[in-house]
Amino acid sequence: KRLPLQGQQTRVLEESGSVPPIVWAAARDKSGRFVNGERFTSSLRFDETILAYNMSWLAYLSDDAARSAVAENANAMFSVHRIWREKTRDLVAMVLTSPEWLVVVFRGTVSLTNMRLNLQIFMEEQSPRDDPPWLEGKWRSPSWGCKHARIHTGFYDGYSSLREDILATVREIAIQRPQRRILVCGHSLGGAMATQCAFDCRVILSVPEDKVTLITF
């Protein structure tokens, strides 16, 4: 069954080149015009999902193996910018770049040390606590309780150990080539840390919404 898609949203996405993980492409005739002026879905696009999958498994490899795998696929024009290995919590994160993309990848659970993070299930408040100016007025606080987000302590502790260096690197690269789109991805524990990183890209680095995509597995 074909589902209607807001025409304005479709047109903006196509003109800006910003493709969310799964996009219903609008039906067009051979000349490229929308069929009968109606914007009905006709196909799925998985561009960013496939890219995120291809990048996420690299974090499970050794540094040399990851760099070699990227180099062997030279047609994709990616290079490994930096790899972090946080030994205390046994975490791995990577930043890869291409002319179009800045990709931040987090590895998932592979060890007992990682499991200890997973089991730290108590919740604590997310930081920063204050809303950035662009977010003010865009949402309504709940009628009871605290409006500030709370987060799994282990996931927060793990991401916090890498947070400063990763954000500094993303900021530096984004300044050099602001047209790059940012893809943040990860599997398992890496997905939890990727979620926080994507949040920081929007709130702390003020990266435009159509320039940041989060995909977790």
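Note that residues are indexed from 1 along each chain, following the sequence as it is written. Side-chain atom pairs in this predicted model are given and counted only at pLDDT of 80 or more, local residue features only at pLDDT of at least 70, and totals for whole chains, interfaces and linings cover all residues. Values reported for side chains reflect all heavy atoms of the structure, with hydrogen atoms and water molecules removed beforehand.

(A) Spotlight on the overall build of the protein chain. The helix count covers DSSP runs of H or I at least four residues long, the strand count covers runs of E at least two residues long, and both are numbered beginning at the N terminus. Helix and strand counts for the protein chain stand at 6 helices and 9 strands. Taken over 217 residues, the protein chain has a buried fraction of 41%. Considering only contacts in the protein chain between residues 6 or more positions apart, those separated by 24 or more positions represent 64%. Surface accessibility in these figures is a Shrake-Rupley result with a 1.4 Å probe; residues are shielded only by whichever protein chains are displayed. Summed over its atoms, the accessible surface of the protein chain is roughly 12,700 Å², and 54% of this surface lies on carbon and sulfur atoms. Burial here depends on accessible area, computed with a 1.4 Å probe over protein chains only, as a share of the maximum for the residue type. Under 20% is buried, over 50% is exposed, and the range in between is partly exposed. Contacts between residues were defined by any pair of non-hydrogen atoms, one from each residue, lying within 4.5 Å.

(B) Region of interest: the sheet that holds strand β8 (residues 181-186). DSSP calls a pair of strands paired once it identifies at least 2 bridges connecting them. Taken together, the 5 strands give an open sheet; going across it, the order is β3-β4-β5-β8-β9, and neighbouring strands pair in mixed fashion. Two strands bound the open sheet, and with one partner strand each, they are β3 (79-86) and β9 (212-216). Each neighbouring strand pair of the sheet contributes to a mean axis angle of 15°, computed without reference to strand direction. Strand direction decides the pairing type here: strand β4 (residues 91-97) and strand β5 (residues 101-106), joined by 5 bridges, are antiparallel. Bridge pairing in β5 links M94 to V105. Helix α2 (residues 47-56) contacts β4, β5, β8 and β9 of the sheet and is inclined by roughly 55° relative to β8. Here an axis means a line fitted to C-alpha atoms, over the contact stretch when the element is a helix, while the angle between two N-to-C directions is reported on a 0 to 180 degree scale.

(C) Looking closely at the pairing of β5. Among the 6 residues of β5, 6 are classified as buried, and the element is accordingly described as predominantly covered. Side chains W101, V103 and V105 of β5 all project onto a buried face; the interleaved residues L102, V104 and F106 project onto the opposite face, where all are buried too. In sequence, β4 turns back onto β5 through a hairpin of 3 residues. Strand direction decides the pairing type here: β5 and β8, joined by 6 bridges, are parallel. Across the sheet, the residue bridging to L102 is I182, located in β8.

(D) Expanded view of a nonpolar patch on the surface. Nonpolar side chains collect at one region of the surface, where W57, Y60 and V110 lie side by side and expose about 280 Å² of accessible area between them. Positionally, V110 belongs in the loop between β5 and α4 (112-118). When its relative accessible area of 45% is taken as the criterion, V110 is described as partly exposed. Patch members must show over 30% relative accessible area and no salt bridge, and they are joined within 9 Å when carrying like charges or within 5 Å when they are nonpolar side chains of Val, Leu, Ile, Met, Phe, Trp or Tyr. The salt bridge criterion pairs a side-chain nitrogen of Lys or Arg with a carboxyl oxygen of Asp or Glu, the two atoms within 4 Å.

(E) Representation of the side chain of S56 in the model. Position of S56 relative to the elements: it lies in helix α2. Discounting residues that sit within four places of it in the chain, S56 has contacts with V105, C185, G186 and F217.

(F) Quick look at the nonpolar core. Nonpolar cores are built from buried Ala, Val, Leu, Ile, Met, Phe, Trp, Tyr and Cys residues. Side-chain atoms within 4.5 Å join them into one set. Ranked by internal contacts, the top residues of the largest apolar core, which has 25 residues, are V104, F106, I166, V170, V184, C197 and C201. Among the secondary structure elements, those contributing two or more residues to this core are β4, β5, α5 (153-176), β8 and α6 (189-203). Residues in contact with I166, not counting those within four places in the same chain, are W84, A93, V104, F106 and C197. Membership of the second largest hydrophobic core comes to 19 residues, among which are M55, V70, I83 and I215.

(G) Highlighting the packing of aromatic side chains. Only Phe, Tyr and Trp rings are paired, with Trp represented by its six-membered ring, and only when their centres lie within 6.5 Å; those with planes under 30 degrees apart are stacked, over 60 edge-to-face, the remainder tilted. Per the counting criterion, the structure on display carries 2 aromatic pairs. Seen in terms of ring centroids, F106 and Y159 are 6.2 Å apart; in terms of plane orientation they differ by 65°. Their pairing is edge-to-face. Linking F106 in strand β5 with Y159 in helix α5, this pair joins segments that are 53 residues apart in sequence. Each member of the pair, F106 as well as Y159, carries the same accessibility label: buried.

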